[in-house]
Amino acid sequence: MRIAEFSPGEQAPRSRRDRALASARLLNEIVDGHLESMRQLPPELREPYAEHLAELVLVAQAYRHYAAGWISRRELHRRARAALRRMDEPNGLAPMQFVDGE
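Residues numbered from 1 in each chain as written. Predicted model: local features only at pLDDT ≥ 70, side-chain atom pairs only at ≥ 80, totals over all residues. Heavy atoms only, no water.

Considering the side chain of Glu 75
And step 1. Tracing the backbone shows Glu 75 in helix 3 (residues 73–87).
And step 2. By relative accessible area, which is 19% here, Glu 75 ends up buried.
And step 3. Polar contacts involving the side chain of Glu 75 include one to the side chain of Arg 78, which spans 2.8 Å. (Helix = DSSP H or I, 4+ residues; strand = E, 2+ residues; numbered from the N terminus. Buried < 20%, exposed > 50% of the residue type's maximum accessible area, 1.4 Å probe, protein only. Polar contact = N/O pair within 3.5 Å; in protein donor to acceptor, adjacent residues only side chain to side chain.)

Digging into the packing of helix 2 (residues 43–68) against helix 3
And step 1. Running from N to C, helix 2 and helix 3 point in directions that differ by 180 degrees, and their axes come no closer than 9 Å. Judged by the angle between their axes, helix 2 and helix 3 are roughly antiparallel. Here His 52, Glu 55, Leu 56, Leu 58, Val 59, Ala 62, Tyr 63, His 65 and Tyr 66 of helix 2 come into contact with helix 3, specifically with Arg 73, Leu 76, Arg 79, Ala 80, Ala 83, Arg 86 and Met 87.
And step 2. Broken down by class, the residue content of the contact of helix 2 with helix 3 amounts to ten nonpolar, two polar and four charged. (Axes fitted to C-alpha atoms, helices over the stretch in contact; angles between N-to-C directions. Parallel < 35°, antiparallel > 145°, perpendicular 65-115°, else oblique. Contact = heavy atoms within 4.5 Å. Nonpolar A, V, L, I, M, F, W, Y, C, P; charged D, E, K, R; others polar.)

Let's talk about the environment of Arg 16
And step 1. For Arg 16, the position within the fold is in helix 1 (residues 14–38).
And step 2. On the basis of relative accessibility, which here comes to 19%, the residue Arg 16 falls in the buried class.
And step 3. Distance in space between the C-alpha atoms of Arg 16 and Ala 67 is 7.3 Å, their sequence separation being 51 residues.
And step 4. Only 3.5 Å separates the side chain of Arg 16 from the side chain of Tyr 66, close enough to count as a polar contact.

Here it is in structure tokens:
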């Protein structure tokens with residue numbers, strides 16, 4: 001069964017893999033940079049802020065999975081769009097909805 005655009009164990013072309021890993025690193029750096037500022041927030045704002053940072057961590061993880069060839073570009077985009085939708089929820093983040101394959 002092919003999960004991604006290439007066979008299991010096969011690496012994505014170097015430039016695509018490198019770009020995906022660079023994106024994951026950038027997202028992790030953003031999260032790391034914002035962790036300190038989260039401590040300065042009032043307690044009632046910390047949880048939604050932490051939830052948004054957690055969503056960014058999940059997107060970074062999806063980029064790493066794409067770089068490893070475990071998911072397709074379509075799945076990467078689906079996960080990123082789902083994270084953005086959850087972060088756009090008017091009352092904070094809605095509970096994560098897991099479907100088969102996640």
